[in-house]
Amino acid sequence: MSEVERPAATTCEPPLPYPQAGEPVFRHVLACLDMSPFSYAILAHASAIASAMNARLTILHVLEPSGGGTVPTDPVEWTLRHRDAEAELHDHISRFDSIDAEIVVIDGPAAECICAWVRDHGVDLTVLGVSGNSNWPFPGLGGTARRVAETIDGSVLLAPSVDVGDDPIRYRRVMTPLDGSPRGESSLPIAVGIAAAHQAEILLVHAAPNIDLTEIGPIEAEARALRDQLRRRNERVAEQYMVQVRSWLPIAKSCARTRVIASSDARHALAVAATEDQADIIVLSSTGSSGHPDISVGSVADYLINHAEKPILLVRGHEWSPPRALRCAGDLQPARLPSRALM
């Protein structure tokens with residue numbers, strides 16, 4: 001494992017105004033609450049992001065039809081359920097000292113209703129619980145959350161099923177995995193914006209691949225030397241890239257840290273790094289350099305959702321990359337924001 005600077009977490013002063021021009025990265029945040037025991041965690045993370053981005057916050061609850069939708073809904077029963085749901089949502093809000101949010105209660109199949117509401121109301125970021133109250137029989141990402149995350153066009157924050165307590169969430173360390181692709185770098189403006197609002201450290205992490213050789217019998221010395229040479233080359237190039245990326249960010253050098261990990265499995269290495277470095281939130285592109293047009297959540301993002309036990313913010317936005325001259329010279333310039341953080 002090769003690492004560049006691993007100081008303890010520090011409180012950093014806000015960087016230069018970011019974004020410096022144009023619209024906020026997120027303008028409308030939607031918190032989808034299902035009244036599970038961890039609904040408050042969903043609302044707490046949604047509020048933390050909305051406050052950081054000065055965005056509008058809406059709280060949505062979907063009343064699914066009783067009886068699986070096989071029998072007509074009784075109007076009186078629906079009115080009572082609607083009223084009880086609104087009262088419970090107001091109770092959730094009351095746990096915050098001050099929160100300005102609109103409450104919306106609709107009825108129908110949860111995933112379909114959430115996707116339609118996001119599409120029709122210009123939502124930039126949708127916040128969901130990883131599992132929730134659905135009777136999803138498999139570990140990890142629940143059925144409703146997966147369908148929403150794979151369907152909507154906007155960014156998604158998936159909150160783990162853990163108790164966050166009663167205090168407002170403050171992120172101290174924002175982790176951003178990078179794979180060297182412009183698509184992967186699209187997460188940088190959002191990560192920096194969140195870190196700035198919370199006076200947090202931003203941790204840039206890259207998993208440099210170890211090269212596997214075909215092994216049939218003992219490996220000859222020449223092959224071992226070639227493998228070691230390729231490994232050292234990957235680590236060297238990765239460290240140079242991470243230092244360069246840090247120089248692009250409009251923040252103090254002391255508020256950003258880089259880490260390069262040599263691993264044969266990038267997914268596992270990033271999950272371990274999130275735990276070792278005590279990341280409070282992971283911000284990454286929903287797909288990386290190997291992403292395909294028909295896949296909306298890449299294998300690395302999917303693995304982290306199911307194994308990192310951290311809030312995961314999947315960024316979908318226009319590919320961002322500094323001008324070629326900046327890549328060569330390494331001069332500090334503000335990053336160009338995606339127009340709506342959508343991909």
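Residues numbered from 1 in each chain as written. Predicted model: local features only at pLDDT ≥ 70, side-chain atom pairs only at ≥ 80, totals over all residues. Heavy atoms only, no water.

## Thoughts on the overall build of the protein
For the protein, the helix and strand inventory stands at ten helices and eleven strands. Restricting to contacts in the protein with at least 6 residues of sequence separation, those with at least 24 account for 79%. Per element, the accessible surface of the protein, about 16300 Å² overall, is 51% carbon and sulfur. (Helix = DSSP H or I, 4+ residues; strand = E, 2+ residues; numbered from the N terminus. Contact = heavy atoms within 4.5 Å. Areas by Shrake-Rupley, 256 points an atom, 1.4 Å probe, with all protein chains shown as cover.)

## Let's talk about the packing of helix α3 (residues 110–120) against helix α4 (residues 143–151)
One way to put it is that α3 packs onto α4 with a least axis distance of 9 Å and a crossing angle of 30°. With respect to their mutual orientation, α3 and α4 come out roughly parallel. As α3 packs across α4, the resulting crossing turns out to be right-handed. Across the interface between the two elements, Ala110, Ala111, Ile114 and Cys115 of α3 pack against Thr144, Arg147, Val148 and Thr151 of α4. (Axes fitted to C-alpha atoms, helices over the stretch in contact; angles between N-to-C directions. Parallel < 35°, antiparallel > 145°, perpendicular 65-115°, else oblique. Left-handed = near helix turned anticlockwise from the far one by under 90°.)

## Regarding the nonpolar core
Counting residues in each nonpolar core, the largest one holds 56 residues, and the members touching the most others are Ile49 and Leu313. If near-sequence neighbours (up to four positions away) are discounted, Ile49 is found in contact with Phe26, Leu125, Leu157, Tyr171, Ile194, Ile281 and Leu313. Counting residues in each nonpolar core, the second largest holds 41 residues, with Leu60, Leu203, Ile305 and Ala308 among its members. (Core = buried A, V, L, I, M, F, W, Y, C linked by side-chain atoms within 4.5 Å. Buried < 20%, exposed > 50% of the residue type's maximum accessible area, 1.4 Å probe, protein only.)

## A few points about the confidence of the model for the protein
When pLDDT is averaged along the protein, the result is 79; 78% of the residues meet or exceed 70. Below a pLDDT of 50 lies the segment residues 134–139, which in the model reaches five contacts outside its immediate sequence neighbourhood of four places, other chains included. (pLDDT = per-residue confidence, 0-100.)

## Quick word on the packing of helix α1 (residues 39–53) against helix α6 (residues 188–197)
The contact between α1 and α6 brings their axes to 9 Å, and the two run at 90°. One finds that α1 runs roughly perpendicular with respect to α6. Here α1 contributes Ile49, Ala52 and Met53 to the contact with α6, which in turn contributes Ile190, Gly193, Ile194 and Ala197. Looking at side-chain class alone, the contact of α1 with α6 contains six nonpolar, one polar and no charged residues. (Nonpolar A, V, L, I, M, F, W, Y, C, P; charged D, E, K, R; others polar.)

## Side note on unusual backbone geometry
Both trends apply: most residues other than glycine have a negative phi, and most peptide bonds are in trans. The phi dihedral of Met35 falls on the positive side, at around 65°, and the residue is not glycine. Tracing the backbone shows Met35 in the loop between β2 (28–32) and α1. Taking relative accessible area as the criterion, Met35 reaches 17% and is therefore assigned buried.

## Regarding helix α2 (residues 75–94)
The terminal C-alpha atoms of α2, which comprises 20 residues, lie 29 Å apart, in line with the 28 Å expected from a rise of 1.5 Å per residue. Those residues of α2 not exposed but buried are His82, Ala85, Leu89, His92 and Ile93. Seen end-on, α2 carries its buried residues on one side only, within an arc spanning 95°. Opposite the packed face of α2, turned more than 90 degrees from it, sit the exposed residues Val76, Arg83 and Ser94. (Expected span 1.5 Å × (residues − 1). Arc of directions from axis to C-beta.)

## So, the pattern of salt bridges
This model, assessed by the stated rule, comprises 13 salt bridges. With its nearest N and O atoms 3.8 Å apart, the salt bridge here joins Asp124 to Arg27. You can see Asp124 sitting in the loop between α3 and β5 (125–129) and its partner Arg27 sitting in the loop between β1 (2–4) and β2, a full 97 residues away along the chain. Asp124 gets classed as buried once you look at its relative accessible area, which sits at 0%. The salt bridge involving Arg259 is made with Glu276; its shortest N-O contact spans 2.7 Å. Placement of Arg259 in strand β9 (residues 256–263) and of Glu276 in helix α8 (residues 266–276) is noted, with a sequence separation of 17 residues between them. (Salt bridge = Lys/Arg side-chain N within 4 Å of Asp/Glu carboxyl O.)

## Section: helix α7 (residues 221–248)
With 28 residues, α7 ought to run about 40 Å at 1.5 Å a step, and its terminal C-alpha atoms sit 41 Å apart, in line with that. When α7 is considered as a whole, its buried residues turn out to be Ala223, Asn234, Glu235, Ala238, Tyr241, Met242, Val245, Arg246 and Trp248.

## Notes on the pairing of strand β10 (residues 281–285)
Most of β10 sits inside the fold, with five of its five residues counted as buried. Of the two faces of β10, the one holding Ile281, Val283 and Ser285 and the one holding Ile282 and Leu284 are both buried throughout. With two bridges joining them, strand β7 (residues 173–177) and β10 adopt parallel strand pairing. Looking across to β10, one finds that Val174 is bridged to Ile281. Bridge count between β10 and strand β11 (residues 312–315): four bridges; the pairing is parallel. Looking across to β11, one finds that Val283 is bridged to Leu313. (Pairing = 2+ DSSP bridges.)

## Regarding the environment of Pro311
Topologically, Pro311 is positioned in the loop between α9 (299–307) and β11. Distance in space between the C-alpha atoms of Pro311 and Leu158 is 5.6 Å, their sequence separation being 153 residues. Ignoring anything within four residues of it in the chain, the contact list for Pro311 reads His45, Leu157, Leu158, Pro160, Asp280, Ile281 and Ile282.

## Section: the environment of Ile190
For Ile190, the location among the structural elements is in helix α6. For Ile190, a relative accessible area of 0% translates into the label buried. The spatial distance from the C-alpha of Ile190 to the C-alpha of Val315 is 8.1 Å, given a sequence separation of 125 residues.

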